[in-house]
Every structure is written in C-alpha cells, then in structure tokens.
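# Observations on the model geometry
Listed below are the residues making up each chain.
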Amino acid sequence: MDSKGQLKLDVVVPAAGVGRRMGAAVPKQYLKLQGQTILELTLAKLLACSCVSQVIVALSQEDPYFDTLEISKDPRIIRTAGGAERPDSVLAGLYLAHSPWVLVHDAVRPLVSPADIEKLVTACVQADCGGILAAPAVDSLKLVQPKGSAGDEAQLLIERNLPRDLIFRALTPQCFKREQLTLALHSALQQGMPVTDEASAMEQAGYPCQIVPGRTDNFKITTKEDLQLAAALLGNICPA
Ligand code: C5P
C-alpha cells in the first residue's frame, strides 16, 4: 500500500531469453518497433500503471544492450541476472521483490493493456486468489497424434476435437502472492517439473489460479509474423 491506501505491486520481467525461434541477430526483446525496442515498449506500459511500484528486469549475464536504453535510467527499474530457463529468471527477480502481491510479465508482450493489468490485480486481490490474464479459444481445437516412423516427417492425424469453451490461452501478466509463488517455483524446479508459466508452478503446488479474460492482442512476440503483426497494430511500417 502507498500513503493514499492504493495497493502497489512489484513486477518481475524475465528478459534473459535469446529468442532462438525468431532467428534474429539480437535477442527478440531488443528488436525495434516504432523506433523503440520491444523491451522499452513493454517496460513503459508497466510503468504507466498506477498499481506498479517497481519493475525488476532479469537480464542475461552477457546483455550489452540494456544499459544503452533511456528507460534503464528510470529509478523504478531494477536489474538482476537471469538464469538458464525462464523460471530461474523469474525466481532471480522475485528475490528482489518486496510487495505481498507480485506480477510477472514477459518482456516480449509490449501490447499489454494497462486496463487489463489493473483488472487482473483487482480480481486477484478482491478474491484473495492468484490469477492470470488469458484469452478464450475461438478456433475449433484438435488433439493430434503424429503418424510415421522416426526420421520421416510426421503426418499429424486428428484424434479428437477439444471443448473450446473450457480452453484458454495463458497470457501475462500473472499475479500471485510473492511468497507462495517463490515456494511454488522452487519446488517445481527441484522436482524437475516443466514450468512454462507461473500458473503451472502454482497449480502443481496445489494453489487455485483464476482466469481473468484479457485482450487477445496481448500476444507474445515469438516469430517474424508476430513482429509484423505487432508493427501493424502499433501503426508502424513492417520491419524487414
Ligand atoms: O522463450 P520464451 O518466448 O518462452 O520466453 C518468454 C520470456 O522469458 C521472454 O521475455 C524471455 O526473455 C524470458 N526468458 C528469460 N530467461 C530465460 C529464457 C527466457 O528471462 N532463460
């Protein structure tokens, strides 16, 4: 809480990935949109939220780019060294957080809406239950089985339809109590469980996690197509 009684949260931004699937010369968070890197756009969105007190950015040990960004001088930004996998980077950030509730947000989701962030925080704190922004599935969903021997390019055969009303795409931010999330990530890593997002660690640790529907344009920039789409949405010319 600040002096006016408003809840304030620390945000952890894992930004230590190399972005192999993008295949660019620099990690994808440093590719530019509208003259700014994706990481700068993302951090500016977070800092624009009145509920955010500080943003802890987990960076690769060899990151030569972050210090060159104007936003790195903002006193509300703290940096730390990330780890080998995303949950290691998130844990490194959590060690520097102080607020009872925290948010975790991917560095490569610059289109997140501050209104969605406020909606998520309000829903979690009011219900005293952690949660995530998520987008409802709109396409028909197919469970497939690969067919073909090793070495061949597998043919994917549809096994069955999945009930799309019950399926959501997990986005970020994800909002949890700091101590519970720290313990859940520790335990999942110790047990060698796959942790693709914070909610998966919380679920494995037995905590309930709620879905808060969010805007579908809050996608993770992963491929060149995503970059072109983000550029178009930001009203920019598509980068080559
Ligand atoms: O690789 P992926 O797209 O799932 O990465 C999601 C986020 O996690 C990105 O912001 C990336 O920089 C971050 N990450 C990290 N440390 C790693 C791997 C990924 O902070 N070791």
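Bear in mind that the values here come from a model prediction, so they are computed numbers and not experimental data. (Residues numbered from 1 in each chain as written. Predicted model: local features only at pLDDT ≥ 70, side-chain atom pairs only at ≥ 80, totals over all residues. Heavy atoms only, no water.)

### Some details on the site of the ligand
Surveying the vicinity of the ligand reveals 16 residues, the closest of which are Pro14, Ala16, Gly17, Gly83 and Ser89. Take Gly17: an N or O atom from its main chain is 2.9 Å from an oxygen atom of the ligand. One of the side-chain nitrogen or oxygen atoms of Lys220 is found 3.0 Å away from an oxygen atom of the ligand. Among the residues making up the shell around the ligand, the classes are represented as six nonpolar, four polar and six charged. (Near = heavy atom within 4 Å. Polar contact = N/O pair within 3.5 Å; in protein donor to acceptor, adjacent residues only side chain to side chain. Nonpolar A, V, L, I, M, F, W, Y, C, P; charged D, E, K, R; others polar.)

### A short note on the sheet that holds strand β4 (residues 52–59)
Within a sheet, adjacent strands bond to each other through the backbone by hydrogen bonds, running parallel or antiparallel. Taken in spatial order, the seven strands make up an open sheet running β5-β4-β1-β6-β10-β7-β11, and their pairing is mixed. Two strands in the sheet have a free side with no partner beyond their single neighbour: β5 (77–81) and β11 (210–213). With direction set aside, neighbouring strand axes in the sheet form an average angle of 30 degrees. Strand direction decides the pairing type here: strand β6 (residues 101–104) and strand β10 (residues 168–177), joined by four bridges, are antiparallel. Looking at β10, one finds that Leu103 is bridged to Cys175. Of the strands in this sheet, β1 (9–15), β4, β5, β6 and β10 are in contact with helix α2 (residues 86–94), which crosses β1 at around 145 degrees. In the packing of helix α3 (residues 114–127) onto the sheet, the strands contacted are β1, β6, β7 (131–136), β10 and β11, and the crossing angle to β11 comes to about 150 degrees. (Pairing = 2+ DSSP bridges. Helix = DSSP H or I, 4+ residues; strand = E, 2+ residues; numbered from the N terminus. Axes fitted to C-alpha atoms, helices over the stretch in contact; angles between N-to-C directions. Contact = heavy atoms within 4.5 Å.)

### Digging into the pairing of β7
With five of six residues buried, β7 is to be regarded as a mostly interior element. With five bridges joining them, β7 and β10 adopt antiparallel strand pairing. For Gly131, the partnering residue across the bridge sits in β10 and is Cys175. Examined bridge by bridge, β7 and β11 share four bridges and lie parallel to one another. Bridge pairing in β11 links Leu133 to Val212. (Buried < 20%, exposed > 50% of the residue type's maximum accessible area, 1.4 Å probe, protein only.)

### Quick look at the pairing of β1
Within β1, seven of the seven residues are buried, which leaves it mostly tucked inside the rest of the structure. Burial along β1 is two-sided: the face carrying Leu9, Val11, Val13 and Ala15 and the face carrying Asp10, Val12 and Pro14 are both buried. Bridge analysis of β1 against β4 gives seven bridges, and the strand direction is parallel. The residue of β4 that forms the bridge with Val11 is Val55. As judged from the three bridges shared by β1 and β6, these two strands associate in the parallel manner. Bridging from a neighbouring strand, Val11 pairs with Leu103 of β6.

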